[in-house]
2 protein chains.
Amino acid sequence: MAHDHAEHEQTPEQLQVQFEQLGLLESKFEDAEEQVIRKTEEIKAPVYKERTEFVKNIPHFWTLTFEQCPPEVENFIQPTDSEVFADCFETFEVSRFELDDPKGSPKSFSLKFGFAENEWFENKTLEKKFWYRHTQDWDGLVSEPVKINWKKGKDLTGGLTDAAVKLHKARTKVADRKKETALPEYKELAKKIETSADASVSFFGLFAFVSGYRWVSAEESEKAVQKDKEALAKIKAGKKVDEEEEEEDEDPQDYQETEVFPGGDEVATIIAEDMWPNALRYYKQTFEQDGEFDDEELSELEVDMDEDDESGEEVDIRALVGKGKKDKDEPPAKKQRKA
Amino acid sequence: MAHDHAEHEQTPEQLQVQFEQLGLLESKFEDAEEQVIRKTEEIKAPVYKERTEFVKNIPHFWTLTFEQCPPEVENFIQPTDSEVFADCFETFEVSRFELDDPKGSPKSFSLKFGFAENEWFENKTLEKKFWYRHTQDWDGLVSEPVKINWKKGKDLTGGLTDAAVKLHKARTKVADRKKETALPEYKELAKKIETSADASVSFFGLFAFVSGYRWVSAEESEKAVQKDKEALAKIKAGKKVDEEEEEEDEDPQDYQETEVFPGGDEVATIIAEDMWPNALRYYKQTFEQDGEFDDEELSELEVDMDEDDESGEEVDIRALVGKGKKDKDEPPAKKQRKA
């Protein structure tokens, strides 16, 4: 009754054809998704620009915004990281740097953090790029470790960012990625991560992130994309697609043993796709209580910042704005309703 | 060093002005967001249409897709609901029905479920509409309870959907919402919910959902939008905005005591914004193992469905596809990587 009987006629071969058609349709969805990202950036570019100008005049804007971040990001911000943010985090920008690159992807993005002079590192800017890349059996974001010039005795990652940068340099000189595991830099980083497994990694470990799977170069990705296109063209033309010779490519290595910041792609995605577009909302949460702004808090904040800067002590933003903090589980789109 | 001293000059009054400017900028972001939704629907309309045609030929497409849904939705699907889905859930559609309505919002959407004749209810279609509405201190999705014509002794919600429909009818006749709590229908539903608090509500309880806050009518919402617009116009013109006479409007009532399906707005949003656009991906997960399709499973599925339909027994899709199931925490965008 519930279903007609056409389904009973389907052989595994017919189902295989159906799955090929499904793959074709999926690729159309992907194209549409890329168009949507491009159009979204086009529509939002002027408001992002206006916001960047506006927040220049708001002290601690990005520090306060990051303090209100969703739990999936907040869990990765250690107390020392908050100290750094409160002291010297000044500018922040997300950009879709491959938007107009025919070989690139509109899903690629970068997070660019700007810092004032500080006691921890020399860099004024730390830019972390995430490239959306493909392999035959995986697609997702990969990244190159970013060198942080830590001041003496101030490395919040205990040498992990440096070791990741070293491995990456060595890795790109090895033609066959399966030989990467024999590199001394690979063993060194894997061991460093293993021995520090109990300690919470600093948020700055994100700059060492490589992949949720393994490093995928632009060349490998282009080849995989090309292969996909050829298979789709065959399906379109009604030709038979060769069954996966990829089996031989099976790689049992777990490259995650050298990943400094597991889940870094997801954290970065939440920052790019939620915090960046909704930054004003997150910032406002700092001052909201029962959905209203509180003049008293505004002046308290002003006084506290005054005192802090004059005494030369750290600005403890967390304590400063703590009382105005909202339940982190509350979606930012909604104001808190009255109790 | 970290911050210049300009911030020290800011008085609470200046900060208030800054917040007004921030509100203005936020409203521009909202406009951009609405444009993005409209453009997204425009870009995706052809692929959604093609998909609707395509999945007509795939038995159990929506049942299998909902079986692969993210945990935030799956937690609300009880074993009996799965039985219903496996037996008679046939078509599904999400639409942004206020996209071109100047008084409506592109954020409003409806979930339309199509069913074959079945033993539980008479309805062939159950359509749940969610309107994006505003009040002075809250904005979000509200909905009207949908009447489900349960067959005798088959009401999976134990009378909750009927009671919610009855309350809603009575509510719309009361001019002052604060008097709603005195209605016998209000008390009846509140009591019903209280006494059934220990049992898990059926997914069909979603059709009774009203709001994460309280019911907000189109008229109230329009007034609030109008008021916001006037305030923004004043800010733009550099005029002082009157300070909230809304305080008197404080309403201590917790209308959630008559909410049959708390969190229904969030569940519906995940269905509309994740499952609907990514349905092909979720469906494919049914058959994926280590990122590959498995011919054996495809033919097993076919055989099992055959047997089931012939014996007239329930189709236990969950058991049927269980072995091909992926880790629910894995984001759908990525294929599982090889172990």
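Note that the structure is a prediction, hence the values are computed from the model and not measured. (Residues numbered from 1 in each chain as written. Chains lettered and ligands numbered in written order. Predicted model: local features only at pLDDT ≥ 70, side-chain atom pairs only at ≥ 80, totals over all residues. Heavy atoms only, no water.)

Chemist: Whenever I open this one, the packing of helix α1 (residues 12-55) of chain A against helix α7 (residues 218-236) of chain A confuses me. Can you help?
Modeler: Helix-helix packing is characterised by the crossing angle of the two axes and by the distance between the axes. All names here are of chain A. In the contact formed by α1 and α7, the axes pass within 10 Å of each other and the chain directions differ by 120°. In this view, α1 runs oblique relative to α7, as classed from their interaxial angle. As for how α1 packs across α7, the hand of that crossing is left-handed. Two secondary-structure elements touch here, α1 through E20, Q21, G23, L24 and S27 and α7 through L232, I235 and K236. By residue class, the composition of the contact of α1 with α7 is three nonpolar, three polar and two charged. (Axes fitted to C-alpha atoms, helices over the stretch in contact; angles between N-to-C directions. Helix = DSSP H or I, 4+ residues; strand = E, 2+ residues; numbered from the N terminus. Parallel < 35°, antiparallel > 145°, perpendicular 65-115°, else oblique. Left-handed = near helix turned anticlockwise from the far one by under 90°. Contact = heavy atoms within 4.5 Å. Nonpolar A, V, L, I, M, F, W, Y, C, P; charged D, E, K, R; others polar.)

Chemist: Explain the environment of B:E72 here, please?
Modeler: Residue and element names in this part refer to chain B. Looking at the element boundaries, E72 is found in helix α3 (residues 71-74). A C-alpha to C-alpha distance of 6.8 Å links E72 and V267, two positions 195 residues apart in sequence. The residues contacting E72, other than those within four sequence positions of it, are V267 and I270.

Chemist: How should I be thinking about the packing of helix α5 (residues 160-171) of chain B against helix α6 (residues 184-195) of chain B in this particular structure?
Modeler: Residue and element names in this part refer to chain B. Relative orientation of the contacting elements α5 and α6 amounts to 155°, with a least axis distance of 9 Å. Relative to α6, the element α5 lies roughly antiparallel. In terms of crossing hand, the pair formed by α5 and α6 is left-handed. Packed against α5, whose contacting residues are L160, A163, A164, K166, L167 and A170, the element α6 presents E185, Y186, E188, L189, K192 and I193 at the interface. Residues of the contact of α5 with α6, tallied by class, amount to eight nonpolar, no polar and four charged.

Chemist: Explanation requested: the packing of aromatic side chains in the structure shown.
Modeler: Given two aromatic rings, one states the distance between the centres and the angle between the planes to describe the pair. One pass over the structure, following the stated rule, counts 71 aromatic pairs over all chains. A ring pair is formed by B:F85 and B:F203, whose centres lie 5.7 Å apart and whose planes are at 75°; its orientation type is edge-to-face. With a gap of 118 residues between them, B:F85 in helix α4 (residues 79-88) and B:F203 in the loop between α6 and α7 (218-236) connect regions that are remote in the sequence. As far as the burial class goes, B:F85 and B:F203 line up, both buried. Over the ring of A:W276 we find A:R51; its NZ or CZ atom is 4.3 Å from the centre of that ring. Looking at B:K129, its charged tip hangs above the ring of B:F97, at a distance of 4.7 Å from the centre. (Phe/Tyr/Trp six-rings, centres within 6.5 Å; stacked < 30°, edge-to-face > 60°. Buried < 20%, exposed > 50% of the residue type's maximum accessible area, 1.4 Å probe, protein only. Lys NZ or Arg CZ within 6 Å of the ring centre and 35° of its normal.)

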